[in-house]
Amino acid sequence: MIVDDVSYPDEPMFQDGVVATAIDDVEASGVTYFSSAANTNMVANGQDVGSYEAPAYRPSRCPAAVVMNGETDCHDFDPTGGTASHDLLTVPGDTTNERNVVSVALGWSQPQFGIATDLDLYLLDQAGRIVANWGGLTDRQFVERVYQVVLGRSGDPQAVTYWTNLLGQHKKTRGEVIIAFSETTTARTRRAGEVNTVDVFFGMLRRVPTAAELRTWTPLTKTSKIALINSLLGSHAYDARV
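Rules and cut-offs
Residues numbered from 1 in each chain as written. Predicted model: local features only at pLDDT ≥ 70, side-chain atom pairs only at ≥ 80, totals over all residues. Heavy atoms only, no water. Helix = DSSP H or I, 4+ residues; strand = E, 2+ residues; numbered from the N terminus. Buried < 20%, exposed > 50% of the residue type's maximum accessible area, 1.4 Å probe, protein only. Contact = heavy atoms within 4.5 Å. Areas by Shrake-Rupley, 256 points an atom, 1.4 Å probe, with all protein chains shown as cover. Lys, Arg positive; Asp, Glu negative; His and termini not counted. Charge placed at Lys NZ, Arg CZ, Asp CG, Glu CD. Axes fitted to C-alpha atoms, helices over the stretch in contact; angles between N-to-C directions. Parallel < 35°, antiparallel > 145°, perpendicular 65-115°, else oblique. Left-handed = near helix turned anticlockwise from the far one by under 90°. Nonpolar A, V, L, I, M, F, W, Y, C, P; charged D, E, K, R; others polar. Disulfide = S-S within 2.5 Å. Patch = residues over 30% accessible without salt bridge, like charges linked within 9 Å, V, L, I, M, F, W, Y side chains within 5 Å. Salt bridge = Lys/Arg side-chain N within 4 Å of Asp/Glu carboxyl O. Phe/Tyr/Trp six-rings, centres within 6.5 Å; stacked < 30°, edge-to-face > 60°.

### Considerations on the overall build of the protein
Inference 1: Secondary structure summary: the protein contains 9 helices and 8 strands in total.
Inference 2: Across its three principal axes, the protein shows a C-alpha extent of roughly 50 × 50 × 45 Å.
Inference 3: When the 242 residues of the protein are sorted by exposure, 23% land in the buried category.
Inference 4: For the protein, restricting intrachain contacts to residue pairs at least 6 apart in sequence, the fraction spanning at least 24 positions comes to 48%.
Inference 5: Surface summary for the protein: the accessible area is close to 16,400 Å², and the carbon and sulfur share equals 54%.
Inference 6: If you average the places of the 19 positive and of the 29 negative side-chain charges in the protein, the two averages end up 9 Å apart.

Quick look at the structure:
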């Protein structure tokens, strides 16, 4: 029998990934496997708001800032026959409180390594200004941003051109480029403490660490998660959750 209390945020939304396949394999050999169902949903005004799903893409007119960024249509979030080219999220300004931090993931029903549709995600503020987006970048801008975000530096021109050409020639998807960068020794070393800290907090407490917790634990978890795991095992927050 295997019992885990771990979340796997990198698993694909619409198909079995590596972890789900491994679970199927051990169950087929006669092992009983139990996994935590977690408690990451959010409820507002009696409605589940932790996720959004539509049976199909419904094109509608984009907000002005998104149109100016080159997009021609946006998904209609209103299922009642009206039109809503956005989904409204209200987030308090104090991001030191983990409840005020929003993590957004976008997925759609195509094979993980066979994506044929390009969907972009935009975050706008109340004034309709673009706060963040990845999809609205040119291939070169995308590669340059990946260098900055994943490796923490600018890419040399030849390397940027190499990756840009792979995207332009459809030999790599943007997701595959991010994975390739993320799996480099430099990226793993640079982000190890942060990734380990977030992984343990989310797996054990079902939340991301606060900014203060991240600053405290990131340098201590670069090579091992044990100290953090032991600390959370003895915490009131973990006792209350389990």
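### Some words on the environment of G82
Inference 1: For G82, the position within the fold is in the loop between β6 (74-75) and β7 (122-124).
Inference 2: A relative accessible area of 26% places G82 in the partly exposed class.
Inference 3: When the C-alpha atoms of G82 and S51 are compared, they prove to be 20 Å apart, with 31 residues separating the residues in sequence.

### Observations regarding the packing of helix α3 (residues 139-151) against helix α5 (residues 174-182)
Inference 1: The interhelical angle for the contact between α3 and α5, taken along N-to-C directions, is 30°, at an axis separation of 10 Å. On the basis of their axis angle, the class for α3 and α5 is roughly parallel. Considering only the axes of α3 and α5, their crossing is right-handed. Here D139, F142, V146, Y147, V150 and L151 of α3 lie close against α5, whose contacting residues are R174, V177, I178, F181 and S182.
Inference 2: Of the residues assigned to the contact of α3 with α5, the class counts are 8 nonpolar, 1 polar and 2 charged.

### Details of the state of the cysteines
Inference 1: Within the structure shown, the criterion is met by 1 disulfide.
Inference 2: A disulfide bridge connects C62 with C74, and the sulfur atoms are separated by 2.2 Å. Judged by the sign of its S-S torsion, about 105°, the bond between C62 and C74 is right-handed. Of this pair, C62 sits in the loop between β5 (59-60) and α2 (64-68) while C74 sits in strand β6, and the two are 12 residues apart along the sequence. Both residues of the pair, C62 and C74, count as buried.

### Some words on a nonpolar patch on the surface
Inference 1: A cluster of nonpolar side chains, L89, V91, V104, L106 and L121, forms an exposed patch at the surface whose accessible area comes to about 420 Å².
Inference 2: Inspection of the secondary structure puts V104 in the loop between β6 and β7.

### Re a negative patch on the surface
Inference 1: On the surface, D16, D24, D25 and E27 cluster together into a patch of negative charge.
Inference 2: Position of E27 among the secondary structure elements: in helix α1 (residues 18-28).
Inference 3: According to the relative accessible area criterion, E27 is partly exposed, its value standing at 39%.

### Focus: unusual backbone geometry
Inference 1: Phi at H170 is positive, roughly 60°, even though this residue is not glycine.
Inference 2: By the secondary structure assignment, H170 is in the loop between α4 (157-168) and α5.

### Re the packing of aromatic side chains
Inference 1: Under the definition given, this model contains 4 aromatic pairs.
Inference 2: Ring geometry for Y52 and F77: centres 4.9 Å apart, planes at 50°, overall tilted. With Y52 in the loop between β4 (47-48) and β5 and F77 in the loop between β6 and β7, this residue pair connects regions lying 25 residues apart in the sequence.
Inference 3: On the basis of relative accessible area, Y52 is assigned to the partly exposed category, the value being 37%.
Inference 4: Assessed through its relative accessible area of 25%, F77 is described here as partly exposed.
Inference 5: Centroid distance Y147 to F181: 4.8 Å. Interplanar angle 90°. Geometry classified as edge-to-face. One end of the pair, Y147, is in helix α3; the other, F181, is in helix α5, with 34 residues separating them in the sequence.
Inference 6: Judged by its relative accessible area of 3%, F181 falls in the buried class.
Inference 7: Clustering of aromatic rings is evident, with ring pairs tying together Y147, Y162, W163 and F181.

### Quick word on the packing of α3 against α4
Inference 1: Orientation of α3 relative to α4, taken along the N-to-C sense of each, is 125°, at an axis distance of 9 Å. Taken together, the axes of α3 and α4 lie oblique to each other. With respect to the hand of their crossing, α3 and α4 are arranged in right-handed fashion. In this structure, α3 contributes D139, R140, F142, V143, E144 and Y147 to the contact, and α4 contributes P157, A159, V160, T161, W163, T164, L167 and G168.
Inference 2: Partitioning the contact of α3 with α4 into residue classes produces 8 nonpolar, 3 polar and 3 charged.

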